[in-house]
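# Structure at a glance
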Amino acid sequence: MNHTLKNKRALITGGSRGIGAAIVKRLASEGADVAFTYSSSPDQANEITQAAQGLGVRALAIQADSADASAVVAAVEQTVDKLGGIDILVNNAGVLAIAPIDDFTLADFDRTLAVNVRAVFVATQAAVKHMKEGGRIINIGSTNAERMPFAGGGVYAMSKSALQGLVQGLSRDLGPRGITINNVQPGPVATDMNPPEGEFAEMLKKQFMALPRYGTVEEIAGMVAYLAGPESGYITGASLTIDGGFSA
Ligand SMILES: NC(=O)c1ccc[n+]([C@@H]2O[C@H](COP(=O)([O-])OP(=O)(O)OC[C@H]3O[C@@H](n4cnc5c(N)ncnc54)[C@H](OP(=O)(O)O)[C@@H]3O)[C@@H](O)[C@H]2O)c1
C-alpha cells in the first residue's frame, strides 16, 4: 500500500463497524492518522483502534452519538486537539429505519434526520473551521438517493437525497477555500445494517442488481480513499454511486 495520506489527519464518524471500520483501516493503511466516533460498541471500537495503530499511525476512538449535535462538535474538537488538526472528514455514521407509512414513528423520522443529515452538517461546519486548502469532506450517502424500489424506505431515501443537495450547495461555500465535498453512494454492502444472505438480500440481488452480489466494505473504502487523496482534487459537489448497477 502506498502512503499518499501520510501527515493527513482524518475523522470518520461511525468507525467501529461496517463501512466506517473499513474506511478507518484503509485511510490508516495509506498513512493517515485517524480518529473515529462510535455510539455503542466500545469493544469493536477498541479493536479497530488497535488495528489502525498496528499500521503505524496514531488512532483514537471517541464515543459520540451523532444524534447529539454538541457531541459531534466535541468529537471534531477532540480530533483537532489530539491529532493537531483535521484534513479529512468522512461522515459515515448512519441509521436505517424501514416501516410502512402507517407504522413509521415520528421518533424514527427525527432520529433518521438527526443522524443521517443534521450530524453531517454539524460535523462539516465544525471541521471546516480548522481545515486548510486541500481539505476533503466525504459523506456516505446511498444509492437509495437515486432509486428506492420498495416500500417502507421513504424516510431513509429522503435522508440520503438531502445529502445530494447539501454537497451541491456546500461545494460553493468551500470551493474558494480549496476544500472539496462529495458523497459516496453505496448500493447493498454486506454489513450488520444489510446482511448479504436471506430473503431480502436474495430479492435485491435477483431483481435490482446488474452485478448480482453485495458489495464489500473494502470496495467502498477504496472509493473513499480515492476521494480523500491527491488525485481527486477537481471533484466536488458530486454524488458518486458505487452500487453494482442498482441504480442503472
Ligand atoms: N450497508 C449498506 O448496504 C449501505 C448501503 C448504502 C449506504 N450505507 C450507509 O453507509 C453508512 C454505514 O453503514 P453500515 O452498513 O456500515 O452500518 P452498520 O454496519 O450499522 O455500522 C454503523 C456504524 O455507524 C455507527 N453509528 C450508528 N449510529 C450512530 C450514532 N448515532 N452515532 C455515532 N455512530 C453511530 C455504529 O457505531 P456503533 O458500533 O457504536 O453502533 C457503526 O460503527 C451509513 O451511513 C449507511 O446509511 C450502507
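This report concerns the structure included in the present document. Since we're looking at a predicted model, the values are computed, not measured.

What counts as what
Residues numbered from 1 in each chain as written. Predicted model: local features only at pLDDT ≥ 70, side-chain atom pairs only at ≥ 80, totals over all residues. Heavy atoms only, no water. Helix = DSSP H or I, 4+ residues; strand = E, 2+ residues; numbered from the N terminus. Rg over C-alpha atoms; globule rule 2.2 N^0.38 Å. Buried < 20%, exposed > 50% of the residue type's maximum accessible area, 1.4 Å probe, protein only. Contact = heavy atoms within 4.5 Å. 1 Å grid on protein atoms, 1.4 Å probe; cavity = no way out; pocket = protein on both sides within 12 Å on 5 of 7 lines; lining within 4 Å. Points joined across faces, edges and corners; volume = space filled by probe spheres on them. Nonpolar A, V, L, I, M, F, W, Y, C, P; charged D, E, K, R; others polar. Phe/Tyr/Trp six-rings, centres within 6.5 Å; stacked < 30°, edge-to-face > 60°. Pairing = 2+ DSSP bridges. Axes fitted to C-alpha atoms, helices over the stretch in contact; angles between N-to-C directions.

## What about the overall build of the protein?
When its secondary structure is counted, the protein shows 7 helices and 7 strands. Order of helices (α) and strands (β) in the protein, N terminus to C terminus: β-α-β-α-β-α-β-α-β-α-β-α-α-β. A globule of 248 residues ought to have a C-alpha radius of gyration of about 18 Å, and the protein, at 17 Å, matches this closely. Overall, the C-alpha framework of the protein stretches about 45 × 35 × 35 Å when taken along its three principal axes. Across the 248 residues of the protein, 52% fall into the buried class. Here the analysis covers contacts within the protein between residues at least 6 apart in sequence; of these, 74% occur between residues at least 24 apart.

## Side note on the layout of surface pockets
What the largest pocket holds in volume is close to 950 Å³. G94, V95, L96, T191 and M193 are the residues nearest the centre of the largest pocket, which is lined by 42 residues in total. Mapped onto the lining of the largest pocket, the elements with two or more residues apiece are α1 (18-29), β2 (33-38), α4 (106-128), α5 (154-174) and α6 (199-208). Taken together, the residues that form the lining of the largest pocket break down as 19 nonpolar, 18 polar and 5 charged.

## Some details on empty space enclosed by the protein
For the structure shown, the criterion picks out 2 cavities of 30 Å³ or more. Approximately 50 Å³ is the volume found for the largest cavity. Along its surface, the largest cavity is lined by L11, T13, T37, A64, S66, V72, A75, V76 and A123. Among the elements that line the lining of the largest cavity, the one with the most residues is helix α3 (residues 69-83), at 3 residues. Looking at side-chain class alone, the lining of the largest cavity contains 6 nonpolar, 3 polar and no charged residues. Of the voids in this model, the second largest cavity is the one considered here, and its volume is about 30 Å³. Together, T13, S66, N91, A93, V115, A119 and V120 line the second largest cavity. Broken down by element, the residue count for the lining of the second largest cavity peaks at 3 residues, all from α4.

## Considerations on the packing of aromatic side chains
Scanning the model with the defined rule gives 2 aromatic pairs in all. Where F150 meets F200, the ring centres are 5.2 Å apart and the plane angle is 85°; that geometry is what we call edge-to-face. Placement of the pair is F150 in the loop between β5 (136-140) and α5 and F200 in helix α6, with a sequence separation of 50 residues. Classification of F200 by relative accessible area gives partly exposed; the value is 39%.

## Comments concerning the sheet that holds strand β4 (residues 88-91)
Read across the sheet, 7 strands follow the order β3-β2-β1-β4-β5-β6-β7 without closing on themselves; strand pairing throughout is parallel. Two strands in the sheet have a free side with no partner beyond their single neighbour: β3 (59-63) and β7 (239-242). Taking the axes of each pair of neighbouring strands and ignoring which way they run, one obtains an average angle of 20° across the sheet. Where strand β1 (residues 9-12) and β4 come together, 3 bridges link them in parallel fashion. When the sheet's bridge partners are listed, I12 is paired in β4 with V90.

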